[in-house]
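Here's the letter readout for the chains.
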Amino acid sequence: MKPLIYLDNAATTKTAKEVVDAMLPYFTEDYGNPSSLYSLGAKSKEAVTKARETIAGTLGAQSNEIYFTAGGSESDNWVFKATADAYEQKGKHIITSRIEHHAILHTCDYLAKKGFEITYIDVDENGILKLDELEKAIRPDTILISVMFANNEIGTIQPIKEIGEIARKHSVLFHTDAVQAYGHVPINVDEYNIDMLSASGHKFNGPKGIGFLYIRKGVKIRSFVHGGQQERGRRAGTENVTGIVGIGAAAERAFRVMEERNKREIELRDYLIAQIEEKIPYCRLNGDRVKRLPNNVNFSFRFVEGESLLIMLDMEGICASTGSACASGSLDPSHVLLAIGLPHEIAHGSLRLTLGEETTKEELDTVVAALVRIIERLRSMSPLYEDFLRKQ
Ligand SMILES: *Cc1c(COP(=O)(O)O)cnc(C)c1O
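Residues numbered from 1 in each chain as written. Predicted model: local features only at pLDDT ≥ 70, side-chain atom pairs only at ≥ 80, totals over all residues. Heavy atoms only, no water.

Peer 1: For this particular structure, what's the right way to read the site of the ligand?
Peer 2: The local shell around the ligand holds 13 residues, among which Ser73, Asp177, Gln180, Ser200 and Lys203 are the closest. The contact in question runs from an oxygen atom of the ligand to an N or O atom on the side chain of Gln180, over 2.7 Å. With respect to the ligand, the side chain of Lys203 contributes an N or O atom lying 2.8 Å from an oxygen atom. Considering the ligand on its own, with 390 Å² of exposed area, one finds that the protein chains cover 87% of that surface. For the shell around the ligand, the leading source of residues is helix H4 (residues 72-87), giving 3 residues. Grouping the amino acids of the shell around the ligand by side-chain chemistry returns 2 nonpolar, 8 polar and 3 charged. (Near = heavy atom within 4 Å. Polar contact = N/O pair within 3.5 Å; in protein donor to acceptor, adjacent residues only side chain to side chain. Areas by Shrake-Rupley, 256 points an atom, 1.4 Å probe, with all protein chains shown as cover. Helix = DSSP H or I, 4+ residues; strand = E, 2+ residues; numbered from the N terminus. Nonpolar A, V, L, I, M, F, W, Y, C, P; charged D, E, K, R; others polar.)

Peer 1: Would you mind going over the packing of aromatic side chains with me for this structure?
Peer 2: Aromatic ring pairs are described here by two measures, namely the spacing of the ring centres and the angle between the planes. Scanning the entire structure with this criterion turns up 13 aromatic pairs. Ring geometry for Phe149 versus Tyr192: centroids 5.8 Å apart, planes at 50°, classification tilted. Here Phe149 is found in the loop between strand E5 (142-146) and helix H7 (160-169), whereas its partner Tyr192 is found in the loop between strand E6 (173-177) and strand E7 (196-200), with 43 residues between them in sequence. Accessibility assignment for this pair places Phe149 and Tyr192 in one class, buried. Ring geometry for Phe303 versus Tyr385: centroids 5.2 Å apart, planes at 50°, classification tilted. Residue Phe303 is found in the loop between strand E10 (296-301) and helix H9 (306-315), and its partner Tyr385 is found in helix H13 (residues 383-391); the two are separated by 82 residues along the sequence. We classify Phe303 as buried; its relative accessible area is 17%. Aromatic rings pair up to connect Tyr182, Phe204, Phe212 and Phe255 into one cluster. (Phe/Tyr/Trp six-rings, centres within 6.5 Å; stacked < 30°, edge-to-face > 60°. Buried < 20%, exposed > 50% of the residue type's maximum accessible area, 1.4 Å probe, protein only.)

Peer 1: Mind showing me how you'd approach the nonpolar core here?
Peer 2: The tendency in soluble globular proteins is for nonpolar side chains to be buried side by side. One finds Leu59, Ile145, Tyr182, Ile187, Ile194 and Phe212 to be the most contacted residues of the largest nonpolar core, which totals 62 residues. The element that contributes the greatest number of residues to this core is helix H8 (residues 241-279), accounting for 8 residues. Residues contacting Ile187, with those up to four places away along its chain left out, are Thr58, Leu59, Phe149, Ala178, Ala181, Tyr182, Tyr192, Ile194 and Leu197. Counting residues in each nonpolar core, the second largest holds 29 residues, with Ile280, Val297, Leu364 and Ile374 among its members. (Core = buried A, V, L, I, M, F, W, Y, C linked by side-chain atoms within 4.5 Å. Contact = heavy atoms within 4.5 Å.)

Peer 1: Is there a simple way to think about the pairing of E10 in this case?
Peer 2: Along any regular strand, the residues point their side chains to alternate faces of the sheet. Of all 6 residues in E10, 6 are buried; the element is thus mostly enclosed. A two-sided burial pattern is seen for E10, the buried positions comprising Asn296, Asn298 and Ser300 on one face and Val297, Phe299 and Phe301 on the other. Relative to E10, strand E9 (residues 283-285) runs antiparallel, the two sharing 3 bridges. Each bridged residue has a counterpart across the sheet, and for Cys283 the counterpart in E10 is Phe301. Of the pairings in the sheet, the one linking E10 to strand E12 (residues 350-354) comprises 5 bridges and is antiparallel in character. Along E12, the bridge assignment pairs Asn298 with Arg352. (Pairing = 2+ DSSP bridges.)

Peer 1: So what exactly am I meant to see when it comes to H7 here?
Peer 2: An α-helical turn contains 3.6 residues, so a residue and the one three or four places further along point in the same direction. Among the residues making up H7, those that are buried are Ile160, Ile163, Gly164, Ile166 and Ala167. Seen along its axis, H7 keeps its buried residues to an arc of 160°; they face one direction. Of the surrounding elements, those touching the buried residues of H7 are helix H6 (131-137), E5 and E6. Ser171 lies just past H7 and shows a positive phi near 55°. (Arc of directions from axis to C-beta.)

Peer 1: Just to check I follow, could you spell out the environment of Ile221 for this structure?
Peer 2: Mapping Ile221 onto the fold places it in the loop between strand E8 (211-215) and H8. What makes Ile221 buried here is its relative accessible area of 8%. In this structure, the C-alpha to C-alpha distance between Ile221 and Ala86, residues 135 residues apart in sequence, is 6.1 Å. Beyond its immediate stretch of four places on either side in the chain, Ile221 contacts Trp78, Val79, Ala82, Thr83, Met196, Ile215 and Arg234.

Peer 1: Quick question: what am I supposed to make of empty space enclosed by the protein here?
Peer 2: A probe as big as a water molecule, rolled over the atoms, marks out the empty space that is left. The final tally for this structure, using the stated rule, is 2 cavities of 30 Å³ or more. Looking at the lining of the second largest cavity residue by residue, the class counts come to 2 nonpolar, 5 polar and 2 charged. (1 Å grid on protein atoms, 1.4 Å probe; cavity = no way out; pocket = protein on both sides within 12 Å on 5 of 7 lines; lining within 4 Å. Points joined across faces, edges and corners; volume = space filled by probe spheres on them.)

Peer 1: Is there a simple way to explain the environment of Glu265 in this structure?
Peer 2: Relative to the helices and strands, Glu265 is located in helix H8. Residue classification places Glu265 among the buried residues on the basis of a relative accessible area of 1%. In this structure, the C-alpha to C-alpha distance between Glu265 and Gln180, residues 85 residues apart in sequence, is 15 Å. If we ignore the near neighbours within four places in the chain, the residues touching Glu265 are Pro294, Asn295, Leu355, Gly356 and Glu357.

Peer 1: When you look at the pattern of salt bridges in this model, what are you seeing that I'm missing?
Peer 2: Any two side chains of opposite charge can pair, on the condition that their charged atoms come close. The final tally for this structure, using the stated rule, is 27 salt bridges. Here Arg253 ties to Glu18 by a salt bridge, and the two come within 3.6 Å at their closest N and O atoms. With a gap of 235 residues between them, Arg253 in helix H8 and Glu18 in helix H1 (residues 17-23) connect regions that are remote in the sequence. Of the residues examined, Glu18 reaches a relative accessible area of 37% and is grouped as partly exposed. Residues Glu386 and Arg390 are paired through a salt bridge, measuring 3.5 Å at the closest nitrogen-oxygen approach. Placement of the pair is Glu386 and Arg390 together in helix H13, with a separation of 4 residues, close to one helical turn. Residue classification places Glu386 among the partly exposed residues on the basis of a relative accessible area of 48%. (Salt bridge = Lys/Arg side-chain N within 4 Å of Asp/Glu carboxyl O.)

Peer 1: Help me understand the sheet that holds E9, please; the structure alone is not making it clear to me.
Peer 2: Either a parallel or an antiparallel arrangement is found when strands of a sheet pair, and the pairing is made through backbone hydrogen bonds. Taken together, 3 strands build an open sheet; the order of strands is E9-E10-E12 and the sheet is antiparallel. Strand pairing shows two members of the sheet lacking a second neighbour, E9 and E12, which therefore form its edges. Going across the sheet, the axis of each strand differs from the next one's by a mean of 25°, ignoring polarity. (Axes fitted to C-alpha atoms, helices over the stretch in contact; angles between N-to-C directions.)

Next comes the structure, spelled out in C-alpha cells:
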C-alpha cells in the first residue's frame, strides 16, 4: 500500500502528540468532577480554568468571556438561537453571507421558519464579502451580523475589521464563525470589534467534539443548555475536562508555532498552485490569491467530475475533498462555488487540497503527478472535452 497523503486539513486535523499527552492524565488520574469540593475535583477545575485563560489570552479577551461547547456547530447554533431569543424585542432581522458553513445556513433556515428575516450578502468573484451591500442591508430591526472569518472551501479571509466597524457604527452585534481561522491566523476581538466568535478544537490539531464560543461581556445571551452552574450557568453539564485540556493545549501550541508554520505553509501552498497551473490546462484557482488561508488550495478543472477525481485520488492514497465534507454525498454543487459565480458544470469539477503542518514538498509533487495523470484520463473519457477540442 502507498503511504497516505493527507490533504484534507480543513475537514479535520491530526491531534498533536503534545496535545494528547496533556490530555491523558485527566482520563485516569485526575479524573475528578470540577464541581466537586475535594482536591481531586479541584485539580480538574484548575485545568479547565487554565485552558480558559490560555484561550482568552490568544484573542485579547477575558477568561469569563470564553464558554466551552462541543464544537463549531454548537457554538454557531448557540449564537443564532440565543441572540434571536434575547433580542427579539429589538427586531427579527439577521444578516449573514451566502458562503457560510451549513451550521449557520441551516440554523438560519430554522429561524426563518420561526418568523425571522435573513438577508444573505453576496460575495465577489474571489469570495470577498461586498461591504457596500452589507451596510445597505442594515435596518433598525437588525439584531445580528454574522460573517465567517475564513471560508472552509475556498479559504478566503474576509475583511473582518471593516465588517466589525460597520456593525459597531450601526450598533448591531457582530459574530464571526472563526472555525477555519482560529489557531491559524492572529485574531484580536477588540481590534476587530468582534462581539461573538466560534472556534473548534479539531481544526487546529486539538481533539474533536470540543470548541468554544467567545461572548463579549455585556452581550445579552441566553443559556444554551439548562441544568447546573457550569459555564456560568449558560451551558450546563459536567465539563468535557479532557477535551478542554486538549483545546487549551492545542491553542497554546498553535499560537506558539503560528508564524513559522504559516511561512512554510504559504510557500508550499503557492508552490502547489503554481505547479497545478503550469501542468494542468483548463483549470481555475478558486478564492482570492492573497487573502486566503495559508493552507488552502481550491481548483476547478473543466471537463472533470469532482467525485470521480476524489475516488481516483483515494485509490492512490491521497485524501482530498470536493468542497465541505458535509456537502459531499449530495449532488448539488457547492453553494460557495455558485456564490462566486461558477456555472454548475465547472463547480462540479472542483477539488480542495488543504495542507497540514506535516505536508512536504515531495508529497505535493506526488499529488501533482497523480492529478496530471488522472485528469488526462478523465478528460479522455469525456464527450464534452472531445467536442471542445474539435472546436478549437
Ligand atoms: C468545521 C466547521 C464548522 C463545524 O465545526 P464542528 O466542530 O465540526 O462542529 C463550522 N464552521 C466552519 C467554517 C467549519 O469549517
